[in-house]
Amino acid sequence: MTGTGPYAAGRSDVRPVADAAGLPGAGWDGLLGAEDFFQTSRWLAVQERNSGTTMDFLMRHRDGDPVAGLVAAWADDSVPWLLARPDAMLSRALEDGGTPEAEAVLREVAGGDPAALLPSLVCGGRHLGRTRALAGPHAVPEDVEALVERAEQLARERGAASVCFPHVDVRDTALVDLLHARGYRSHLSAHYAWLPVPPGGWDEFLANMSKHRRRRVRLERRALAEAKVEVHLEPLTKALAPRLGELDCNLLRKYGNPASPEHSAGLLSWISEVMGDDAMVSVARQDGAVIGFGMVLRSRARGEEQWFGHRAGFDYEAQGKLPLYYDVLYYRVLEAAAREGVSVLHAGIGSIEAKLARGCLASEEHAFLLRLDRTESGGGTAREPRTASGGTARAPRRAATRAAAGTGSPAGETDAPLRTSDRETTTR
């Protein structure tokens, strides 16, 4: 389709790609930056299989070449990824004491009821950090606007109540300005943390801590050594998946979330198959038994390598009071990242104060929402979400208020409603 907006002139158009399998051949991965791991074609293939809903992949072309891309997912009250679902995010923003911005979104976009935002077309990815359109090296602002315009058109055609960009980083001023200009309203959705890897590795990282924090970290490591716990970064393999699935399930169930070891193990096995050596795990073992893990995903784009935390899990009985969390998810990963020349570790949302105390930087993310007139071409009838195989996808209904700010893994997206403590709040 050729765009119809003010910047749609010339030999340019927006084309759909049928599914994630078609993205590599369409040139999608050439649009990625180093921070865009969760929009790589391989990860979108994982997400497409696990999302339980329709996903759209739009690409902007000029003179026959791809220059920008946008992923979108259909969200109704059946999808369980509440940390990127607009009704749940707004409900959470209001429960947390509210802000004038959230109150304005409730009043002006949701008509007083967060549920009225559904169904919604969620754009830019449902991962929990830097929701955005992909812009290749030759993209210009008009290319991103053409993609946003086409997504809004799709949403109207399907009878959506809203369009949502769930976690737009305030540093992405071009997208922020574009969405404001198109009439979107916004509210704070999260704080996102990342850690620039110091050239001096662990020693420099530790030296930059306060004296109190350095002492505490050394005591934590001594406690693990005395308990004969060893933590190593290694490839995620199918052989590890059953045990890691049990630990992943432990974390979910600890906070009242539905989970099964078989489902978790199956997902981890699929990730290992799709991602290969770009999926790693920081594994804690005690007397040879795996008692904790954190997944790390590797992004390589435009000459830079960055690592993203994702899932995590623990054997709480074996762990007892051992300080496993930060050693597994941060300290050992940082040591390995420094050795490999990695530039940034992405720590995700949640526990921001604790992450800042450990050297992370952080920025605000905002949910941007556009209210649609459902009496337009969509006719007020929303199509059913579809699975990748074409079947209608359904998930149990859950109250939006169950969405909490994070989960037990450092940076990614969530496929379950999550209620976790600050100690284990990161992102999924």
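As the structure is a prediction and not an experimental result, all values here were calculated from the model.

What counts, and at which threshold
Residues numbered from 1 in each chain as written. Predicted model: local features only at pLDDT ≥ 70, side-chain atom pairs only at ≥ 80, totals over all residues. Heavy atoms only, no water. Salt bridge = Lys/Arg side-chain N within 4 Å of Asp/Glu carboxyl O. Buried < 20%, exposed > 50% of the residue type's maximum accessible area, 1.4 Å probe, protein only. Helix = DSSP H or I, 4+ residues; strand = E, 2+ residues; numbered from the N terminus. Pairing = 2+ DSSP bridges. 1 Å grid on protein atoms, 1.4 Å probe; cavity = no way out; pocket = protein on both sides within 12 Å on 5 of 7 lines; lining within 4 Å. Points joined across faces, edges and corners; volume = space filled by probe spheres on them. Nonpolar A, V, L, I, M, F, W, Y, C, P; charged D, E, K, R; others polar. pLDDT = per-residue confidence, 0-100. Contact = heavy atoms within 4.5 Å.

Trainee: Where do I start with the pattern of salt bridges in this structure?
Mentor: Two side chains bearing opposite charge may form a pair once their charged atoms approach each other closely. Overall, the coordinates contain 28 salt bridges when judged by the stated rule. Measuring nitrogen to oxygen at the nearest pair gives 3.0 Å for the salt bridge that ties Arg-332 to Asp-327. Accessibility expressed as a relative area gives 28% for Arg-332, which makes it partly exposed. Glu-335 is the salt-bridge partner of Arg-332, the closest N and O atoms lying 3.5 Å from each other. With Arg-332 and Glu-335 both in helix 12 (residues 324–340), this residue pair falls three residues apart, about one helical turn.

Trainee: I would appreciate a short explanation of the pairing of strand 13 (residues 361–371) in the present structure.
Mentor: Along a regular strand, successive side chains alternate from one face of the sheet to the other. In this structure, strand 6 (residues 162–169) lies alongside strand 13, joined through six bridges in antiparallel fashion. For Val-163, the partnering residue across the bridge sits in strand 13 and is Leu-370. By the bridge criterion, nine bridges tie strand 7 (residues 185–196) to strand 13 in an arrangement that is antiparallel. Bridged to Leu-188 within strand 13 is His-366.

Trainee: Explain empty space enclosed by the protein to me, please; I cannot follow it from the model alone.
Mentor: Rolled over the atoms, a probe with the dimensions of a water molecule shows which regions are left empty. Throughout the structure, instances matching the rule amount to seven cavities of 30 Å³ or more. If you add up the space inside the largest cavity, you get close to 210 Å³. Lining the largest cavity we find 23 residues, and of these Leu-329, Tyr-330, Leu-345, His-346 and Ala-347 sit closest to its centre. Elements with a minimum of two residues in the lining of the largest cavity: strand 10 (289–301), strand 11 (304–314), helix 12, strand 12 (344–349) and helix 13 (352–357). Looking at the lining of the largest cavity element by element, the count peaks at seven residues for helix 12. Classifying every residue of the lining of the largest cavity gives 18 nonpolar, three polar and two charged.

Trainee: What am I meant to see in the confidence of the model for the chain here?
Mentor: Low pLDDT marks regions whose predicted coordinates should not be analysed in detail. Averaged over every residue, the pLDDT of the chain is 85; the share at 70 or more is 84%. Confidence, expressed as mean pLDDT per element, reaches its minimum in the chain at helix 13 with 88 and its maximum at strand 4 (residues 120–123) with 98. Taken together, the stretch residues 1–10 has pLDDT below 50 and engages in 14 contacts with residues farther than four places along the chain or on a different chain. Note on residues 377–428: pLDDT is under 50 here. Beyond four places in sequence and across chains, it has 193 contacts.

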